[in-house]
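# Survey of secondary and tertiary structure
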Amino acid sequence: MLDYNNMTHQDVQAVAQAISHARLGSYKRYFQAITDLEALGLYQWNEDLREAFARTTDLIEVVLRNQFHAVLSQRYGQQGGVGSRDWYACLNLPQKSSDKVLEITHVYRGGTWRPRHPSRTPDDVVSNLTFGFWPRLLDVSTDTNHVAVPWDHIIPDILPGHRQRAATYWRPQARQDAFFARMDLCNDLRNRIAHLEPIWKLGPLKAEARNRPGRAIQTVGGPTRNPQESLDRLRLIDDRLIELLQWLSPTVSRLYRQCPIHTRCVALLTPAALDAYRQNRPFL
């Protein structure tokens, strides 16, 4: 955190100019900050919160891809060892997903795709796939032998910490869509953090579902309109992320909830934190 208290007036103006008055203006309007110094403090709150949430989304991404990889390797794949096979070569992936795998396993030379040397292992492929790849796997309906992919049996293995373990629970499309939406929530937050967007500026709250022909996602709440609504929504997002981590790995979730970075994230989502940052007072 920058030590704004030891800045001169000229320092404050220089930092505000560097960050941009247009960017700080949104903090002044939304949080009713009066001075540039107050706005800079709130800007630092957003930066610290982004860092804390990034640790959560990074952890979920690693655990999520490893769960998919391990479970799908038990059912599909010819190359690789136990728990790490090339299952992606045995599924009818969407074109964009297939292209992503191809870019990792092959190189484009002389007008053709040629296998990389040395060849990429299944672990190499999985570690290089982006977060958005994983939710889209639920769109895969058949394998390369045109046999249906039994997601109702696979999802419970991917989510050992979910309270619902029966295949009959996961068979309806709506429940698979809810899982997709939870992963997509994490991916959306990850992208907002990466693109340096204000983490407190949030649009309408949607039901955990997917747009389907004849069935649009229901809006269950409006966009955030004031600091308290932003804190409430961000706490909801944190709760949902930690629950997703719990579904994926109860042990990792339990340990992460106890670690300092998540404790700090929870503390940052309070009016006391906003007040401290606004006044440029030390917090935690």
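This text follows the structure it describes.
Now for a look at the structure at hand. (Residues numbered from 1 in each chain as written. Predicted model: local features only at pLDDT ≥ 70, side-chain atom pairs only at ≥ 80, totals over all residues. Heavy atoms only, no water.)

## Section: the layout of surface pockets
Think of a ball as big as a water molecule: rolled over the atoms, this probe shows where empty space is left. The space that makes up the largest pocket amounts to roughly 530 Å³. Lining the largest pocket we find 22 residues, and of these Leu 185, Asp 188, Pro 204, Leu 205 and Lys 206 sit closest to its centre. Put simply, the parts of the chain that give the lining of the largest pocket at least two residues each are α9 (173–194), β5 (205–206) and α10 (227–248). Counting residues per element, the lining of the largest pocket draws most heavily on α9, which supplies 7 residues. The residue inventory of the lining of the largest pocket, partitioned by class, reads 12 nonpolar, 2 polar and 8 charged. Volume-wise, the second largest pocket comes out at about 150 Å³. Together, Gln 79, Asp 86, Tyr 88, Ala 89, Val 101, Thr 105, His 106, Pro 115, Arg 116, Ser 119, Arg 120 and Pro 122 line the second largest pocket. Residue composition of the lining of the second largest pocket, by class: 5 nonpolar, 4 polar and 3 charged. (1 Å grid on protein atoms, 1.4 Å probe; cavity = no way out; pocket = protein on both sides within 12 Å on 5 of 7 lines; lining within 4 Å. Points joined across faces, edges and corners; volume = space filled by probe spheres on them. Helix = DSSP H or I, 4+ residues; strand = E, 2+ residues; numbered from the N terminus. Nonpolar A, V, L, I, M, F, W, Y, C, P; charged D, E, K, R; others polar.)

## What about the side chain of Asp 36?
Examined against the element boundaries, Asp 36 turns out to sit in helix α3 (residues 36–73). The contact partners of Asp 36, leaving out residues within four places of it in the chain, are Val 12, Gln 13, Ala 16, His 21 and Lys 28. (Contact = heavy atoms within 4.5 Å.)

## A look at the packing of aromatic side chains
Scanning all chains against the criterion turns up 18 aromatic pairs. Plain terms: the ring middles of Phe 68 and Phe 179 are 6.3 Å apart, the flat faces sit at 5° to each other, and that makes the pair stacked. In this pair, Phe 68 is assigned in helix α3 and Phe 179 in helix α9, connecting sequence segments 111 residues apart. Accessibility expressed as a relative area gives 0% for Phe 68, which makes it buried. Judged by relative accessible area, Phe 179 falls into the buried class, the value being 1%. When the ring centre of Phe 180 is taken as origin, the NZ or CZ atom of Arg 210, which lies over that ring, is 3.7 Å away. (Phe/Tyr/Trp six-rings, centres within 6.5 Å; stacked < 30°, edge-to-face > 60°. Buried < 20%, exposed > 50% of the residue type's maximum accessible area, 1.4 Å probe, protein only. Lys NZ or Arg CZ within 6 Å of the ring centre and 35° of its normal.)

## Some points on the state of the cysteines
Inspection of the entire model under this criterion finds 0 disulfides. Sulfur of Cys 186: no disulfide; nearest cysteine sulfur belongs to Cys 265 and is 12 Å away. Unpaired in this structure, Cys 265 has its nearest cysteine sulfur neighbour in Cys 259, at a distance of 9.9 Å. When its relative accessible area of 0% is taken as the criterion, Cys 265 is described as buried. (Disulfide = S-S within 2.5 Å.)

## So, unusual backbone geometry
The linkage connecting His 117 with the following residue, Pro 118, adopts the cis geometry, with an omega of 0°. Summarising the element assignment, Pro 118 is placed in the loop between β4 (112–115) and α5 (122–128). Even without being a glycine, His 146 presents a positive backbone phi close to 65°. Non-glycine residue Leu 196 carries a positive phi angle of around 60°. On the secondary structure map, Leu 196 appears in the loop between α9 and β5.

## Observations regarding helix α12 (residues 260–268)
Residues lying three or four places apart along an α-helix face the same way, a consequence of the helix completing one turn every 3.6 residues. Residues of α12 that are buried include every one of Ile 261, His 262, Cys 265, Ala 267 and Leu 268, and no others. Residues of α12 that are buried sit in contact with α3, α10, α11 (250–258) and α13 (271–278).

## Structural notes on helix α7 (residues 151–158)
The buried fraction of α7 amounts to 6 of the 8 residues, a majority that puts the element mostly inside the structure. Where α7 is concerned, the buried positions are Trp 151, Asp 152, Ile 154, Ile 155, Pro 156 and Ile 158. Buried residues along α7 sit in contact with α3, α8 (167–170), α9 and α10.

## Thoughts on the pairing of strand β3 (residues 106–109)
Examined bridge by bridge, β3 and β4 share 4 bridges and lie antiparallel to one another. Of the residues in β4, the one forming a bridge with His 106 is Pro 115. Between β3 and the antiparallel strand that follows it, β4, lie 2 residues; Gly 110 among them carries a positive phi value of about 60°. (Pairing = 2+ DSSP bridges.)

## Here we look at the environment of Ser 249
By secondary structure assignment, the location of Ser 249 is in the loop between α10 and α11. A relative accessible area of 15% places Ser 249 in the buried class. Measuring from C-alpha to C-alpha, the distance between Ser 249 and His 162 comes to 9.2 Å, with 87 residues separating the pair along the chain. Engagement of the side chain of Ser 249 in a polar contact is seen with the backbone nitrogen of Val 252, the distance being 3.2 Å. (Polar contact = N/O pair within 3.5 Å; in protein donor to acceptor, adjacent residues only side chain to side chain.)

## Regarding the packing of α3 against α12
Running from N to C, α3 and α12 cross one another at 135°; their axes reach a closest spacing of 9 Å. Judged by the inter-axis angle, α3 sits oblique to α12. Relative to α12, α3 is oriented so that their crossing is left-handed. Between α3 and α12, the contacting residues are Trp 45, Asp 48, Leu 49, Ala 52, Phe 53, Arg 55 and Thr 56 on the first element and Ile 261, His 262, Arg 264, Cys 265 and Leu 268 on the second. When its residues are assigned to classes, the contact of α3 with α12 shows 7 nonpolar, 2 polar and 3 charged. (Axes fitted to C-alpha atoms, helices over the stretch in contact; angles between N-to-C directions. Parallel < 35°, antiparallel > 145°, perpendicular 65-115°, else oblique. Left-handed = near helix turned anticlockwise from the far one by under 90°.)

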